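Architecture and fold: a report
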Amino acid sequence: MWDDAFPSFLIGLREGLEAGLIVSILVATLVRAGARNRLAQVWTGVLAAIALAMSFGAVLTFTAASLSATAQEAFGGTLSVIAVAFVTAMVFWMRRSARSLSGEIKEKATGALAMGSGVLVVTSFLAVGREGLETALFLWTTARAAGESAGPLTGAGIGLVLAAGLCWGLYRRVLKINLTKFFTYTGAVLIVIAAGVLGYGLRDLQEGGVFPGNTAYALDLSGSVDAGSWYSTLLQGVLNITPTMTWLQTAGYVGYLAVVMTLFVRGVRASAPKPAAEPNAPQPAADRSESEAAAGAAAGGLAEPDRAPAADGSAPQPPAEKSEAPEPASNAEKQEQEQEQESEPQSAVGEPESRPAAPAPVADRPEPQPARGSRRRPAWVVPVAVVAVPVVVAGVVVAVARPKPSSGQTVAVSETECGKGFTAPKAGRQTFQMQNTGSKTSEVYLIDPGTNAVYGEIEGLAPGTTRDLVATVAGGTYAWRCVPSSGKAVTSKSVTVTGGGSSAKAVVPVSENDLAAPLKAYKEYVDQGLATLVAQTRTLDADIEGNHLDQARTDWLTAHLTYSSLGAAYGTFEDFDKKINGRADGLAGGVADPDFAGFHRIEYGLWHGQSADELKAPAQALVDAAAGLQKAFPTQDFDPGDLPLRAHEILENTLQFELTADTDEGSGTNLATANANLAGTNELLTVLRPLLTARAPKLLPTVDADIARLQALLDAEHQGAVWTSAETLDAATRQQLNGATGQLLEDLAPVPDLLEIRKSA
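Residues numbered from 1 in each chain as written. Predicted model: local features only at pLDDT ≥ 70, side-chain atom pairs only at ≥ 80, totals over all residues. Heavy atoms only, no water.

1. Digging into the overall build of the protein
From N to C terminus, the protein includes 22 helices and 13 strands. Looking at the protein as a whole, 45% of its 761 residues are labelled buried. Within the protein, contacts between residues at least 6 apart in sequence are counted, and of these 76% link residues at least 24 apart. Accessible surface, the protein as shown: approximately 37,500 Å² in total, 57% of it carbon and sulfur. (Helix = DSSP H or I, 4+ residues; strand = E, 2+ residues; numbered from the N terminus. Buried < 20%, exposed > 50% of the residue type's maximum accessible area, 1.4 Å probe, protein only. Contact = heavy atoms within 4.5 Å. Areas by Shrake-Rupley, 256 points an atom, 1.4 Å probe, with all protein chains shown as cover.)

2. Comments concerning the side chain of S667
Structurally, the position occupied by S667 is in the loop between helix 18 (642-658) and helix 19 (670-695). Relative accessible area serves as the criterion here: at 15%, S667 is assigned to the buried category. Here E603 takes part through its side chain, which lies 2.5 Å from a polar atom of the side chain of S667. With residues near it in sequence (within four places) discarded, S667 still touches W556, E603 and W607. (Polar contact = N/O pair within 3.5 Å; in protein donor to acceptor, adjacent residues only side chain to side chain.)

3. Considerations on the sheet that holds strand 8 (residues 466-473)
Ordered by their spatial adjacency, four strands build an open sheet running 4-3-5-8, and the pairing between neighbours is mixed. Edge positions in the open sheet fall to strand 4 (418-420) and strand 8, since each of these has one partner strand only. Adjacent strand axes in the sheet meet at a mean angle of 35° when their direction is disregarded. Pairing of strand 3 (residues 410-413) with strand 5 (residues 428-436) involves four bridges; the strand directions are parallel. Its bridge partner lying in strand 5, T410 is registered against Q433. (Pairing = 2+ DSSP bridges. Axes fitted to C-alpha atoms, helices over the stretch in contact; angles between N-to-C directions.)

4. Side note on the state of the cysteines
Tallied over the full model, the rule gives one disulfide. Note that C418 is cross-linked by a disulfide to C482, the S-S spacing being 1.9 Å. On the S-S bond that ties C418 to C482, the torsion sits near 70°, and the link is right-handed. On the criterion of sequence distance, the pair formed by C418 in strand 4 and C482 in strand 9 (residues 476-484) is long-range, its members being 64 residues apart. Residues C418 and C482 agree in their burial class; the two are buried. (Disulfide = S-S within 2.5 Å.)

5. Focus on empty space enclosed by the protein
One pass over the full model with this rule turns up four cavities of 30 Å³ or more. There is about 50 Å³ of room inside the second largest cavity. Around the second largest cavity, the lining residues are W556, H560, H600, E603, E658, T663, D664, S667, T669, N670 and T673. Of the residues assigned to the lining of the second largest cavity, the class counts are one nonpolar, seven polar and three charged. (1 Å grid on protein atoms, 1.4 Å probe; cavity = no way out; pocket = protein on both sides within 12 Å on 5 of 7 lines; lining within 4 Å. Points joined across faces, edges and corners; volume = space filled by probe spheres on them. Nonpolar A, V, L, I, M, F, W, Y, C, P; charged D, E, K, R; others polar.)

6. Observations regarding a negative patch on the surface
Taken together, the side chains of E512, E574, D575, D637 and D639 make up a negatively charged region of the molecular surface. For E574, the location among the structural elements is in the loop between helix 14 (549-564) and helix 15 (576-581). (Patch = residues over 30% accessible without salt bridge, like charges linked within 9 Å, V, L, I, M, F, W, Y side chains within 5 Å. Salt bridge = Lys/Arg side-chain N within 4 Å of Asp/Glu carboxyl O. Lys, Arg positive; Asp, Glu negative; His and termini not counted. Charge placed at Lys NZ, Arg CZ, Asp CG, Glu CD.)

7. Examining the confidence of the model for the protein
Averaged over the protein, the pLDDT score is 76; the fraction of residues at 70 or greater is 72%. Below pLDDT 50 for its whole length, residues 276-368 participates in 105 contacts with residues either more than four positions away or in separate chains. (pLDDT = per-residue confidence, 0-100.)

8. Notes on the packing of helix 13 (residues 516-545) against helix 17 (residues 612-632)
Between helix 13 and helix 17, the shortest axis-to-axis distance is 9 Å and the interhelical angle comes to 165°. Accordingly, the angle class assigned to the pair helix 13 and helix 17 is roughly antiparallel. The two elements helix 13 and helix 17 cross, and the hand of that crossing is left-handed. Seen from helix 13, the contacting residues are L530, A531, L533, V534, T537, R538, L540, D541, I544 and E545; seen from helix 17, they are A612, L615, K616, A619, Q620, L622, V623, A626, A627, L629 and Q630. Here the residues of the contact of helix 13 with helix 17 are counted per class, giving 14 nonpolar, three polar and four charged. (Parallel < 35°, antiparallel > 145°, perpendicular 65-115°, else oblique. Left-handed = near helix turned anticlockwise from the far one by under 90°.)

9. Details of the pairing of strand 3
Here strand 3 pairs with strand 4 via two bridges, running antiparallel. Its bridge partner lying in strand 4, A412 is registered against K420.

10. Description of the packing of aromatic side chains
One pass over the structure, following the stated rule, counts 13 aromatic pairs. Judged by centre distance (5.9 Å) and plane angle (90°), the ring pair of F92 and F264 falls under edge-to-face. Residue F92 is located in helix 3 (residues 69-97), and its partner F264 is located in helix 9 (residues 247-270); the two are separated by 172 residues in the primary sequence. Accessibility expressed as a relative area gives 17% for F92, which makes it buried. Plain terms: the ring middles of W556 and F599 are 6.4 Å apart, the flat faces sit at 75° to each other, and that makes the pair edge-to-face. Pair noted here: W556 is in helix 14 and F599 is in helix 16 (residues 599-606), with a separation of 43 residues, a long-range link. Through a chain of ring-to-ring contacts, the aromatic side chains of Y522, Y525, W556, Y563, F573, F599, W607, F633 and F638 assemble into a single cluster. Seen from the ring of F576, K579 lies directly overhead, with NZ or CZ sitting 5.6 Å from the centre. (Phe/Tyr/Trp six-rings, centres within 6.5 Å; stacked < 30°, edge-to-face > 60°. Lys NZ or Arg CZ within 6 Å of the ring centre and 35° of its normal.)

What follows is the structure in structure tokens.
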């Protein structure tokens, strides 16, 4: 998570500090002018800017979520490029304007004071709103790149909180920061991060069909770099550098980084302060502590104490205007004037600000009084309004922009008639109201009658009920197929839809007959494995019977790995699995419970010093259970639908139990078991390969690469029959194994859906 958090942390810190400095300067200007009663107007503008930024983020999130997958890629890629443009402009603007920021904001605030409360609200709103919009846009792009990780939001939150703390410290002058160096260093880092966001955005545009070359790779290290390793995760999270990068993605990354970083460094060197011409001249403020100058710029004199009230308790009076010929000051007055000059706030470049001729203080100006008889507006009205307006506008935009399914057709289905009322719909996302007018529960499918591919389905539509079926329709031929709970399938007449491209995705259904050949091949594999298992358990039993416990440990592992490679059939083994591979978890007596049996019971005894006599009964029980399973398996009901499910579930158990050493009873061979699980998964994919290739030709090459990566990691953890214990793995290796297994599971996730048995077939 923290690798995804750093870019957002940096943008939150930098943008938050910029906005905070602006607010601090505005507040300081009002305090120094004796206009504390106008501070509420500044905070109202700030509140409006925050509401605008959050509403903007909501619009981006909810409008993108309603788009198709391809459109989301194009939309996200476009906004990523825009975000890079904003961040680049912000970096260069802050480098150029940081030194004069204080003076500019003070000038605007002074002008706003003279023009009325509304102008002051607008001034603070515009000053902070720009930073908020930039933050929202960049945060949205980084959050989208991170997927479901909470890192971007966490990082941005920490950055904003830290920025608020820094601004408070600068305001109170308890903290000194060299802001010039801060914005220079963070600007350089942001340019590197923005280069990655640009590359990510260009890749999204390629996947969205805006740019070609989605499969033209300039860099492809997927076969040699572990995508789940800590260093790969760090590079992807912080810099958006991935093991596979297209030519456009690489060119955009390198080109942006080379050009923008060169211009940035050149600008930094050009704006560096020159040494003083006269060695004996007073040291300029720019060469003094830049932290102090920065603090003065941020606070604009915030820490300067308010003038003491007059002796009569009246409001503090401003200094009188200087006359052209002032009277000579006494020594005490001169000393006081020198102290006041030393405490003058610094500008952004560290130069003393000249004190302007004091205008009439705002505090002395009469506030406009409401007309007699009119009601004064409550103070909460304006803050509530400035928050409510952007929220309402965002809600309207989301409601209008979110594509709604068409009101749709009502399509009647029954056991004798399917698709009554079905006419050719328009291309796009459609909602069909499926009404069962028959007397039997039915499954309903929207199909391509030529290939039987399924575009949408409803399972278990009960008689007399109506349910919505939402599907994306593109150019092609469509029909309804209704399969009642008992009876034959009924197919409607077909209709042809024109236009709409080819964005509609369909799944070619699988029937039980399609899985018959893979099931037969896998059952033969299991039969052979069980025969081997029976022979190996008998060998183990003989070792224990002859008190050859060292040999028993070796033969135990051999037999256990054979059983662990048959994972796809565990659901078929019924009670035999507990007898052969049961665990102590959940048993009242734990490892001493009489019901604790099988491989793990013998493992516990062999590696915890139990004698051969204590292990003879468990070993004989294991032989009996293995022989009983071999005899029963041919007659057991092996559901063909289990095959696609097991392709994913075997390694889920590996990740949960083996890589965590949860099942270890002393042998330290969990990684060997994981290796056997991987072999069983590979065998299962072998029998399913023809069906998968026809339905997802790009899936298996990816899965094969994942398997090879995980296999290489496991091979590195043993020397012959001696395996590294999962409990002793170092953090980096454990992360690599978990990452490779997780990636393989993610790529295997579509298999159950692709090969689900559908009655429409």
